[in-house]
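# Fold and contact review
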Amino acid sequence: MEPSKSVDHAPVVVPSEDRATRRRRRRHLRSSVYFVSVAALFGGACLVIAVRNAAQVTALKQRLERLERLEEGGGAAASVDDAPSESMYHLEAENLIWGPEEQRDDMFRHRSRRHAKAKEKKKESTKKPTAGKAKTLSAIHLTLNLEEASKRLNQEKDVVTLEYGNLTAFGFRPRKEHQTYIYKPWKISDWSLRGKDYSFNQTEGKVKIERKGLYYIYSQILYHNSAARSSYVIMVDSETFVKCMASVDAISPDSSSADNARYKTCYVGAARVLEKGQHVWINDLYGHYVSPDPNANFFGLVKIVDLDK
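I will try to describe carefully the structure that is included in this document. Along every chain, residues carry numbers that run from 1 in the direction the sequence is written. Per-residue local features are limited, in this predicted model, to residues with pLDDT of at least 70; the limit for side-chain atom pairs, both in listing and counting, is 80 or more; totals at the level of whole chains, interfaces and linings are taken over all residues. Only heavy atoms go into the side-chain values, all of them from the structure, while hydrogens and water stay out.

### Some thoughts on the state of the cysteines
Throughout, a disulfide means two cysteine sulfur atoms within 2.5 Å of one another. Enumeration according to the criterion identifies one disulfide in this entry. One disulfide in the model links Cys-244 with Cys-266; its S-S distance is 1.8 Å. Taking the torsion about the S-S bond as the criterion, the Cys-244 to Cys-266 disulfide, at about -120°, is left-handed. Taken together, the residues span a long stretch of sequence, with Cys-244 in strand E12 (residues 239-247) and Cys-266 in strand E13 (residues 262-274) at a distance of 22 residues. Comment: elements are numbered from the N terminus, with helices defined as DSSP H or I runs of at least four residues and strands as E runs of at least two.

Spelled out as structure tokens, the structure:
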């Protein structure tokens, strides 16, 4: 019998993993451990909550059973704890669901405030814009009133002498008083909205300011003469506010000649703050003749902003 020969087996060669594969496998392992840990924590938290709720429900059931036994036996409860009222059981159930009463009240108050704010915000966003209430404007408009004098002039008179000037076929000329030619025959227009802001003195020909404010002051004079220049100023008390000047290109040596008379319109306007008690009036610098047309000679104020406290 021949002796057995030993057979040499070749070693098993396990293919080596490359570095990327090993890195990927470690990443997958870490992710698995992370998710398992999170699931365990979540499950533990749920278990704790369930046990706590089960204990509270069990205690509530025991109290209900004790109350039923007391009612069946007809005996009185030894204490309030032994015979809780129905409202206490409701409170226990609400505490089980919503938490303690103080926490529940805070939550409801916060929710109510948040709901009220959201409702108010929605109301404001859907509110239609309304036009602001318009403030009542005040204005005074005066025109040169020579109607009665013109009627007298038409009655075959060359000159009509008035207290405040002379009227001829050539035009109206204001009377000179204290080195000034003040236009006095003003008439307040029917549409003027004076309110309590103005008062007018017919004797002086001046508008008195009754309330402090920012006013727009305007005036126009239609000159009818042959002078090289004609001019007037708007006065505030004794101070010159604005000045208007009208001139012609060609003039006659005789400035009083009616044949060379020309019409020259002079308009000026500006805004200014006027104090209560100040007077506004028109002063002609040369006292030249002007047209008696009331639509061509006017003077007025418009209140822009009320500054009276």
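### Points about the pattern of salt bridges
Any carboxyl oxygen of Asp or Glu that lies within 4 Å of a side-chain nitrogen of Lys or Arg is treated as forming a salt bridge with it. Tallied over the entire structure, the rule returns eight salt bridges. The salt bridge partner of Asp-197 is Arg-211, with a shortest N-O separation of 3.5 Å. With a gap of 14 residues between them, Asp-197 in the loop between strand E7 (186-188) and strand E8 (198-201) and Arg-211 in the loop between strand E9 (206-209) and strand E10 (213-225) connect regions that are remote in the sequence. Overall, the relative accessible area of 27% leaves Arg-211 in the partly exposed class. Buried, partly exposed and exposed residues are distinguished by accessible area as a fraction of the type maximum, computed with a 1.4 Å probe on protein chains only: under 20%, between the cut-offs, and over 50%, respectively.

### Overview of the side chain of Gln-278
On the secondary structure map, Gln-278 appears in the loop between E13 and strand E14 (279-284). Definition of a polar contact: a pair of N or O atoms within 3.5 Å, with one able to donate and the other able to accept a hydrogen when the atoms are protein atoms, and with sequence-neighbouring residues admitted only if both atoms are side-chain atoms. Looking at Gln-278, its side chain comes within polar contact range of the main-chain nitrogen of Glu-275, at 2.9 Å. Discounting residues that sit within four places of it in the chain, Gln-278 has contacts with Val-207, Lys-208, Ile-209, Val-236, Asp-237, Arg-272 and Val-273. Here, two residues are considered to be in contact whenever any of their heavy atoms come within 4.5 Å of each other.

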